[in-house]
Amino acid sequence: HLREEERAAVQMLAWLGEVFARETAQALLGPNARLLNQLLFKGILTTTSNAPRPLPGSESTHPLLAFTHTLLHRQLADTAQPDIPRLIELLADDLPLYSILPWRILANYQFPTLRLEPQQLERAIARGFATARSIEQGADWRNSNIPFRAVAAIAAARATEWPEEEWLHLISELYYYRLML
């Protein structure tokens, strides 16, 4: 049985994927990061030695955390309302990422408007391109369009706010990458 703050924390963690880095979880949860140990104790999360390769960005310096049940993670990921600006901040901050799920969430999100610092968006977009290129080189190459679609969605949400030169550069990168898929 989970308390309300534990339930909220575990729903947020579901955005990171079934396997995730402790550093990324701590950054996402902020002051509620103390709940990680409680979720481990209660058997909702566990440490895992079967570590997938990290997506482009930094690599965790701690054992990875994972949901103990795939069905639990899937249910939480499907029902939780993601904090889109927070997800973009995590991606921009180059925190370790071991799942494509945050990119999938962004690719499928309907952005009304997006209020983030241009530098954060640029870093998230650059990481999205790097992730797409990395995935494209591996066995999961068919998923390389997911970070690409996320980048396109982020760019479109800020289309009217980009300086013309930056917008044209971004559009050319999007077209170039799209042709490469």
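Keep in mind that this is a model prediction, so the values were computed, not measured.

## Focus: the layout of surface pockets
Then, number 1: The volume enclosed by the largest pocket comes to roughly 750 Å³.
Then, number 2: Lining the largest pocket we find 29 residues, and of these S99, I100, L101, R104 and N143 sit closest to its centre.
Then, number 3: Looking at the lining of the largest pocket, the elements with two or more residues in it are α4 (70-79), α6 (101-108) and α7 (118-136).
Then, number 4: Ranked by residues supplied to the lining of the largest pocket, first place goes to α4 with 5 residues.
Then, number 5: Of the residues assigned to the lining of the largest pocket, the class counts are 14 nonpolar, 9 polar and 6 charged.
Then, number 6: Estimates place the volume of the second largest pocket at around 150 Å³.

## Re the pattern of salt bridges
Then, number 1: Going through the model one piece at a time under the given rule, you end up with 6 salt bridges.
Then, number 2: Residue E89 pairs with R86 through a salt bridge whose shortest N-O separation is 2.7 Å. Of the two residues, E89 and R86 both sit in helix α5 (residues 84-92), 3 residues apart, roughly one turn of that helix.

## Quick word on the side chain of H73
Then, number 1: Counting through the fold element by element, H73 comes out in helix α4.
Then, number 2: Of note is the side chain of H73, whose polar atom sits 3.4 Å from the backbone oxygen of G17.
Then, number 3: In this structure, H73 is in contact with A14, G17, E18, F67 and L101, ignoring residues within four places of it in sequence.

## As for the nonpolar core
Then, number 1: The biggest cluster of nonpolar side chains holds 57 residues, and the ones touching the most others in it are L13, I88, W103, L106, F111 and L114.
Then, number 2: With 8 residues, helix α8 (residues 145-157) is the largest single contributor of residues to this core.
Then, number 3: Setting aside residues no more than four positions away along its own chain, L13 makes contact with F20, A25, L28, L29, L36, L39, L45 and F67.
Then, number 4: If you look at the next biggest cluster of nonpolar residues, it comprises 5 residues, including A21, L64, A66 and Y98.

Definitions and limits used
- Residues numbered from 1 in each chain as written.
- Predicted model: local features only at pLDDT ≥ 70, side-chain atom pairs only at ≥ 80, totals over all residues.
- Heavy atoms only, no water.
- 1 Å grid on protein atoms, 1.4 Å probe; cavity = no way out; pocket = protein on both sides within 12 Å on 5 of 7 lines; lining within 4 Å.
- Points joined across faces, edges and corners; volume = space filled by probe spheres on them.
- Helix = DSSP H or I, 4+ residues; strand = E, 2+ residues; numbered from the N terminus.
- Nonpolar A, V, L, I, M, F, W, Y, C, P; charged D, E, K, R; others polar.
- Salt bridge = Lys/Arg side-chain N within 4 Å of Asp/Glu carboxyl O.
- Polar contact = N/O pair within 3.5 Å; in protein donor to acceptor, adjacent residues only side chain to side chain.
- Contact = heavy atoms within 4.5 Å.
- Core = buried A, V, L, I, M, F, W, Y, C linked by side-chain atoms within 4.5 Å.
- Buried < 20%, exposed > 50% of the residue type's maximum accessible area, 1.4 Å probe, protein only.

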